[in-house]
Amino acid sequence: MIIYADNAATTKMSKTAINNMLPYMTDIFGNPSSLHTIGQKANEALESARKTVADCLGCEPKEIYFTSGGSEADNQAIISAAKLGEKKGKKHIISTEFEHHAVLHTLNKLEKEGFEIELLPVGEKGNVTAEQIENAIKSDTCLVTTMFANNEIGSVLPIAEIGSVCKSKGVIFHTDAVQAAGHLHIDVKEQNIDMLSLSSHKFHGPKGVGVLYSRIGIPLVNLIEGGAQEKGKRAGTENIPGIMGMAAALKEAVENIDENYAKVSYLRDKLIKGLSKIPHSALNGEPVSRLPGNVNFCFEGIEGESLLLLLDAKGICASSGSACTSGSLDPSHVLLAIGRPHEVAHGSLRLSLCEWNTEDEVDYILKVTPEIVEYLRNMSPVWKDLVNGKKEFML
Ligand SMILES: *Cc1c(COP(=O)(O)O)cnc(C)c1O
């Protein structure tokens, strides 16, 4: 038996998504720019997908740009807003310490070009308030970019409040909604979001497809030059099968959003309650304002990587945090941002659920994990020092 509990890294495709892709790999394989029937059929499909996505986000189809994923959408949104600001002499950008690297690394690049980047602290529970944003906005602020929900510790940010602060101050607001799309209610008009990124493979769609929503009136900077696709803002023959799969997956997720939320958050809470019983452990992030599927713990005295390998041997796929930082020895920047010391941050475990996980799976995880933690602690020299009192417990 394999239990997949790493849905924040990527998800399995739904049957709906796969079935909606197949015709565009077989009969309707045309290039949407071609004038013949097969091309025009592909073009009609493309525009119907754009309408579906727009309806799911509460915007106009012409405000939707298809990209290769969340990372590309983040890059294009941030660079576009920065370049627009620069033209008006505004070079101050506000973001947070616990953004995804697609955002942080883009901001680093802009900093080298002379932009002033201000990363707001996220506190012990890992969140930011609209007041923090309001206080940070200056006369030369051109962009606020904050994630909708954090991919590691699951915090859900007060997006509508941040949006209305930005609107009242006349500052562009971009949100990386990759973890939120299909899982939390999004309405870009109601929430005053000017730009938004999402990624198909985080809601049971195919990999390599994403969306940038950009409000009418914000000029986009091209990251890829070439043909006139996507209103001239994103060159390259459209990934029609991927786009069709994504639109179907998003529609399905949005239609079932409340039902899935109830189901998944029930499993999440059961996991959190059970894992909290492990001594010298701590939940990372907020208990309440949290993604329905996110569980993230630190266990003192163990290495997260060893825990993952032993869980994997028991058939449980989990993560120590972000898929992007695993493989490097640096502890997660998100766990450091919420004040976890290096040693503690190394002993982290993220379990991210979806609506296909079952209560039996959760019970199995709750049986196996405490045993593995104890096993690892028994052979850990750090744990010995903690128990002997040579080192002090931090959790
Ligand atoms: C996965 C993820 C991304 C990157 O999306 P890709 O489609 O994999 O490029 C960006 N931001 C967040 C919050 C994510 O979880």
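Above this text sits the structure in question.
Below or above, wherever it landed, is the structure these notes cover. Everything numeric in this text was worked out from a predicted model, so none of it was measured.

1. Regarding the packing of helix H8 (residues 257-275) against helix H12 (residues 359-378)
- Packing of H8 against H12 brings their axes to within 10 Å, and their N-to-C directions diverge by 15°. Relative to H12, the element H8 is oriented roughly parallel. H8 and H12 meet at a crossing whose hand is right-handed. Where H8 approaches H12, its residues Tyr266, Leu267, Lys270, Leu271, Gly274 and Leu275 are matched on the opposing element by Glu359, Val362, Asp363, Ile365, Leu366 and Thr369.
- Broken down by class, the residue content of the contact of H8 with H12 amounts to seven nonpolar, two polar and three charged.

2. As for the packing of aromatic side chains
- Applying the stated criterion across every chain yields a total of two aromatic pairs.
- For the ring pair Phe297 and Phe299, a centre distance of 5.9 Å and an interplane angle of 5° mean the geometry is stacked. As far as burial versus exposure is concerned, Phe297 and Phe299 are alike and both buried.
- Consider the rings of Trp383 and Phe393, whose centres lie 5.5 Å apart with planes at 70°: the pair is edge-to-face. Of this pair, Trp383 sits in helix H13 (residues 381-388) while Phe393 sits in the segment after H13; the two residues are 10 residues apart in sequence, bridging distant segments of the chain.
- A residue is classified by how much of its surface remains accessible, and Phe393, at 31% relative accessible area, is partly exposed.
- Taking NZ or CZ as reference, Lys91 lies 5.0 Å from the ring centre of Phe115, over its face.
- One cation-aromatic arrangement involves Lys231 over Tyr65; the distance from NZ or CZ to the ring centre is 4.3 Å.

3. Here we look at the nonpolar core
- With 62 residues, the main nonpolar core has Leu57, Ile64, Phe66, Val144, Ile186, Leu196 and Leu198 as its most contacted residues.
- Looking at this core, you find at least three residues from each of domain 1 (3-9 + 257-387) and domain 2 (15-255).
- The next biggest cluster of nonpolar side chains, apart from the first, holds 27 residues, and it includes Ile272, Leu311, Val362 and Ile372.

4. Section: the sheet that holds strand S7 (residues 195-199)
- Spatial ordering of the open sheet is given by S2-S8-S7-S6-S5-S3-S4, a layout of seven strands whose pairing is mixed. Two strands bound the open sheet, and with one partner strand each, they are strand S2 (64-67) and strand S4 (116-120). Direction aside, the axes of adjacent strands within the sheet are offset by 20° on average.
- Sheet topology note: the strand S3 (residues 92-96)/strand S5 (residues 141-147) ladder contains three bridges and is parallel. Its bridge partner lying in S5, His92 is registered against Thr141.

5. Quick look at the side chain of Glu300
- Looking at where Glu300 falls in the secondary structure, it is placed in the loop between strand S10 (294-299) and helix H9 (304-313).
- Looking at Glu300, its side chain comes within polar contact range of the main-chain nitrogen of Met394, at 2.8 Å.
- Excluding residues that lie within four positions of it along the chain, Glu300 makes contacts with His280, Val344, Arg377, Trp383, Leu386, Glu392, Phe393, Met394 and Leu395.

6. Remarks on H13
- You can read the cap of H13 off the contacts: a side-chain oxygen lies 3.2 Å from the backbone nitrogen of Val382, and it is on Ser380.
- Immediately downstream of H13, the backbone of Gly389 shows phi near 85°, a positive value.

7. Considering the state of the cysteines
- Following the criterion strictly, the structure yields zero disulfides and no others.
- Considering cysteine sulfurs only, Cys142 is the nearest to Cys166, which forms no disulfide, with 11 Å between them.

What counts as what
Each chain has its residues counted from 1, running along the sequence as written. Reporting in this predicted model follows two pLDDT cut-offs: at least 70 for local features of residues, and 80 or more for side-chain atom pairs to be given and counted; totals over whole chains, interfaces and linings ignore these cut-offs and use all residues. Water and hydrogen atoms were dropped before computing side-chain values, which therefore reflect all heavy atoms in the structure. Axis definition: a line fitted to C-alpha atoms, over the contacting stretch in the case of helices. Angles run 0 to 180 degrees between N-to-C directions. Going along the chain from the N terminus, every DSSP run of H or I of four or more residues is numbered as a helix, and every run of E of two or more is numbered as a strand. The scheme is simple: roughly parallel for angles under 35 degrees, roughly antiparallel for over 145, roughly perpendicular for 65 to 115, oblique for anything else. By definition, turning the near helix anticlockwise from the far helix through less than a right angle yields a left-handed crossing, and turning it clockwise yields a right-handed one. We call two residues contacting when some pair of their heavy atoms lies within 4.5 Å. Polar here means any residue outside two lists: the nonpolar Ala, Val, Leu, Ile, Met, Phe, Trp, Tyr, Cys and Pro, and the charged Asp, Glu, Lys and Arg; Gly therefore counts as polar. Geometry of aromatic contacts follows a simple scheme: Phe, Tyr and Trp rings, the Trp one being its six-membered ring, pair when their centres are within 6.5 Å, and the pair is stacked under 30 degrees between planes, edge-to-face over 60, tilted otherwise. The buried label applies to any residue whose accessible area, calculated with a 1.4 Å probe on protein chains only, is under 20% of its type's maximum; exposed applies above 50%, and partly exposed to all values in between. Look at NZ for Lys and CZ for Arg. If either is within 6 Å of the ring centre and within 35 degrees of the ring normal, a charge sits over the ring. We call a set of buried residues a nonpolar core when its members are Ala, Val, Leu, Ile, Met, Phe, Trp, Tyr or Cys and they connect through side-chain atoms within 4.5 Å of each other. The source of the domain bounds is an automatic or database domain assignment. In short, DSSP must find at least two bridges between two strands for them to pair. The term polar contact refers here to a pair of N or O atoms within 3.5 Å; inside protein, the definition further demands a hydrogen-donor-capable atom paired with an acceptor-capable atom, and it admits residues adjacent in sequence only when both atoms are side-chain atoms. Criterion for a disulfide: a pair of cysteine sulfur atoms at a distance within 2.5 Å.

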